[in-house]
Amino acid sequence: MILWNETKSVPVSRTMIWEAYKKVRSKQGSAGVDHVSMKEFDAQRSKHLYKLWNRMASGSYFPPPVKEVEIPKKDGKFRKLGIPTISDRVAQMAIKDYLEPRFEKIFSPHSYGYRPNKNAHQALAAVRENSWKQEWVVDLDIKGFFDNIDHLKLMTALEKHVKEKWCLMYIQRWLTAPVQTSSGELLYKQGKGTPQGGVISPLLANLFLHYATDKWLEQTHPTVKYVRYADDAILHCKSKQQAEYVLQRLKERMQQCGLELHPGKTKLVYCKDYRRQEDYPEVKFDFLGYSFQPRSTKSKKTGKLFLGFDCAISIKSKTHIAEKMKELNIAYLTHRSIVGVAKFLEPYIRGWVNYYGKYRLSEMNPIFQSLRNRLVQWARKRYKRYKTSINKAYNWLNRIQEQFPSLFYHWRLGYW
């Protein structure tokens, strides 16, 4: 175990804490095990930040337990997230900001998750381009990645780039901090795992996978193109034989790193299009909320249709949006006019369109039609004259569209 054995103070400045606090505050987030909300934290901000800085600067800061929250998954199971206290999020942010620039110098350009100036759309663009050039894909999924990160291996990677003992000390304390379940039980890690939800966890995960996958691929399989977003990765291979070989080697590599590929989610996919016409059972994979599969595509030069391999919003993502609209209970919104409804829905629609409409926005038409139906339901409950005639309600919404074509975000883009 790394111990603090230096006599001088830890060089954590007040400026580092203040800048970290501003970032944490901008993201809001819920309270941790101390039940202190952001509003309550702000009410005594100076007291909280001074106490945090004083302890971190003296090496005496020990993180409190992480609050465990279960988030429902699309398959009916639950994903366990760890919610640190606000003070602890600030502490983690301060160390993350301190270390991130040096890690950025070594990280691969093919890694896009949770990195400055990198985003999911860039990762999707890279996968699109690679899929047009390479016939086969290894759709990689690591089983329980955040729960199985080996602490010893992670610390070894950290020590390669981090010489400051105080940084290593605090990271080790975060790795070993217990998790408090909803029943109040404290669970202690047994040498592996980092909470999914911790501020510094994505940076540590990227460093671990930099050596576990990225650098390993580049050294042992230099012809394989890959795109990684956190623990989700797509590998592009020239042939089925190469894909099978790389997958087998990857399984062995994961075992060496204390990880395991998910047997039900990791698969080989044939990128079928007008040039690649062989028959294979798997011709589709999902990545970052999009489905990549054979699709009818219009040629920019001739205007004719051909079979391409491209992405659009996935069925799972459409279902997720439908569930969110149901949760919003649009038909029962209490706004007095359609203008109020539009303002309320604006951030949701804008977010869906801006992310899932990046490629093939027309595939979101069923979502827009569902929204249209819900707006008609709202009108029928809001106005007595439409309760007995659904056709009149639809005609009313048509008139609203004609008179105010920019009222809803998707209307402005020409989708009704």
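This is a predicted model, so every value here is computed, not measured.

Asks: Is there a simple way to think about the overall build of the protein chain in this case?
Replies: Looking only at helices and strands, one finds 14 helices and 11 strands in the protein chain. In terms of principal-axis extent, the alpha carbons of the protein chain reach across some 80 × 60 × 40 Å. For the protein chain, contacts bridging at least 24 residues in sequence account for 69% of all contacts bridging at least 6. Total accessible area on the protein chain stands at roughly 21900 Å², and carbon and sulfur atoms take up 51% of it. Of the charged side chains in the protein chain, 72 are positive and 39 negative; the average position of the first set lies 8 Å away from that of the second.

Asks: Help me understand the nonpolar core in this model?
Replies: Side chains of nonpolar character tend, in soluble globular proteins, to be buried together. Residues I17, M56, F145, L158, I171 and L235 are the most contacted members of the largest nonpolar core, which totals 70 residues. Counting residues per element, this core draws most heavily on helix α8 (residues 201–220), at nine residues. If we ignore the near neighbours within four places in the chain, the residues touching I171 are L99, M155, L158, I200 and L204. One finds F287, F292, I313 and L407 within the second-largest nonpolar core, a separate group that totals 54 residues.

Asks: Before we go on, may I ask you to explain the sheet that holds strand β3 (residues 136–141) in this structure?
Replies: The strand order β6-β7-β3-β8 describes an open sheet built from four strands, whose pairing is antiparallel. Each end of this open sheet is capped by a strand with a single partner; those strands are β6 (225–229) and β8 (267–270). Within this sheet the neighbouring strands show an average axis-to-axis angle of 20°, counted without direction. Sheet topology places β3 next to β8; four bridges connect them, and they run antiparallel. Note on β8: the bridge partner recorded for D139 is K267. The sheet strands contacting α8 are β6 and β7 (232–237), and the helix crosses β6 at an angle near 175°.

Asks: Explain the layout of surface pockets here, please?
Replies: Left-over empty space is what a probe sized like a water molecule reveals as it rolls over the atoms. Quantified by volume, the second largest pocket comes out at close to 300 Å³. Along the wall of the second largest pocket there are 14 residues; nearest its centre are D34, H48, K51, R55 and S87. Residue assignment for the lining of the second largest pocket shows that the elements contributing at least two residues are α3 (45–58) and α4 (86–104). Top contributing element to the lining of the second largest pocket by residue count: α3, with five residues. In terms of residue class, the lining of the second largest pocket is built from seven nonpolar, three polar and four charged.

Asks: Teacher, can you tell me more about empty space enclosed by the protein here?
Replies: The full count for this structure, using the stated rule, is three cavities of 30 Å³ or more. Quantified by volume, the largest cavity comes out at close to 90 Å³. As for the largest cavity, its lining consists of 14 residues, of which V66, Q92, W174, P195 and S201 are closest to the centre. At the level of secondary structure, the elements contributing two or more residues to the lining of the largest cavity comprise α4 and α7 (165–176). The residue makeup of the lining of the largest cavity, split by class, is nine nonpolar, four polar and one charged.

Asks: Help me understand the environment of L204, please; the structure alone is not making it clear to me.
Replies: Examined against the element boundaries, L204 turns out to sit in helix α8. A residue is classified by how much of its surface remains accessible, and L204, at 2% relative accessible area, is buried. Distance from L204 to R374, taken between C-alpha atoms, is 43 Å for residues 170 residues apart in sequence. Contacts of L204, omitting those with residues within four sequence positions, involve L154, L158, I171 and L175.

Asks: Looking at this model, I keep getting lost on the pattern of salt bridges. Mind explaining?
Replies: Opposite charge on two side chains allows them to pair when their charged atoms are near. With the rule as written, the count across this model stands at 20 salt bridges. Notably, a salt bridge pairs E19 with K22, separated by 3.3 Å at the nearest N-O pair. Taken together, the residues span about one helical turn, with E19 and K22 both in helix α1 (residues 14–26) at a distance of three residues. Owing to a relative accessible area of 35%, E19 belongs among the partly exposed residues under this scheme. Relative accessible area serves as the criterion here: at 38%, K22 is assigned to the partly exposed category. Among the charged side chains, a network of salt bridges with common partners joins R128, D310 and R360.

Asks: Got a minute to help me understand the packing of helix α10 (residues 315–328) against helix α11 (residues 338–356) in this structure?
Replies: Geometry of a packed helix pair, given as the angle between the helix axes and the separation of the axes. Look at α10 against α11: their axes get within 12 Å of each other, and the N-to-C directions meet at 180°. Taken as axis vectors, α10 and α11 run roughly antiparallel relative to one another. Along the contact surface, α10 presents S317, I321, K324, M325 and L328, while α11 presents F344, L345, Y348, W352 and Y356. Residues belonging to the contact of α10 with α11 are distributed by class as follows: eight nonpolar, one polar and one charged.

Asks: Teacher, can you tell me more about the packing of aromatic side chains here?
Replies: Between two aromatic rings, the relevant description is the distance of the centres plus the angle of the planes. According to the stated counting rule, one finds 30 aromatic pairs in the structure shown. Measuring from centroid to centroid gives 6.2 Å for Y170 and W174, while their planes differ by 40°, and the two rings are tilted. Taken together, the positions of Y170 and W174, both in helix α7 and four residues apart, correspond to about one turn of that helix. Per residue, the accessibility class of Y170 equals that of W174, and both read buried. An aromatic cluster is built from Y290, Y355, Y356 and Y359, whose rings are joined through pairwise contacts.

Asks: How should I be thinking about the packing of α3 against α4 in this particular structure?
Replies: Look at α3 against α4: their axes get within 10 Å of each other, and the N-to-C directions meet at 50°. Relative to α4, α3 is oriented oblique. α3 and α4 meet at a crossing whose hand is right-handed. Facing α3, whose interface residues are H48, L49, L52 and M56, α4 presents S87, V90, A91 and I95.

Cut-off values and rules
Counting starts from 1 at the beginning of each chain's written sequence and moves along it residue by residue. Residue-level local features of this predicted model are given only where pLDDT is at least 70; pairs of side-chain atoms are given and counted only at 80 or more, and the full residue set underlies all totals for whole chains, interfaces and linings. The side-chain quantities take in all heavy atoms of the structure and omit both hydrogens and water. The helix and strand labels rest on DSSP assignments: H or I over at least four residues marks a helix, E over at least two residues marks a strand, and numbering proceeds from the N terminus. Residue contacts are counted whenever heavy atoms from the two residues lie within 4.5 Å of one another. Computed by Shrake-Rupley with a 1.4 Å probe, the accessible areas treat only the displayed protein chains as cover when residues are assessed. Neither His nor the chain termini are counted; the positive set is Lys and Arg, and the negative set is Asp and Glu. By convention, charge coordinates are those of NZ in Lys, CZ in Arg, CG in Asp, or CD in Glu. We define the nonpolar core as a collection of buried residues of types Ala, Val, Leu, Ile, Met, Phe, Trp, Tyr and Cys that are connected through side-chain atoms lying within 4.5 Å of one another. Only protein chains enter the calculation, and the probe is 1.4 Å; a residue is then buried if its accessible area is under 20% of its type maximum, exposed if over 50%, and partly exposed in between. A pair of strands is considered paired only if DSSP assigns at least 2 bridges between the two. To define axes, lines are fitted to C-alpha atoms, for helices over the stretch in contact only, and angles between the resulting N-to-C directions are given on a 0 to 180 degree scale. Residues are called lining when one of their atoms sits within 4 Å of a cavity or pocket point, these points coming from a 1 Å grid over the protein atoms alone, where a cavity is a set in which a 1.4 Å probe fits but cannot get out and a pocket is an open set with protein on both sides within 12 Å along at least five of seven lines. Grid points are joined across faces, edges and corners, and a volume is the space filled by probe spheres set on the points. Under the convention adopted here, Pro, Cys and the residues Ala, Val, Leu, Ile, Met, Phe, Trp and Tyr are nonpolar, Asp, Glu, Lys and Arg are charged, and Gly plus all remaining residues are polar. Just to be clear on terms, a salt bridge is a Lys or Arg side-chain nitrogen sitting within 4 Å of an Asp or Glu carboxyl oxygen. Angle categories: roughly parallel below 35 degrees, roughly antiparallel above 145, roughly perpendicular from 65 to 115, and oblique for all the rest. The criterion for an aromatic pair is that two Phe, Tyr or Trp rings (for Trp, the six-membered ring) have centres within 6.5 Å, with stacked assigned to planes under 30 degrees apart, edge-to-face to planes over 60 apart and tilted to the rest. It is the rotation of the near helix from the far one that decides the hand of a crossing: anticlockwise by less than a right angle makes it left-handed, clockwise makes it right-handed.

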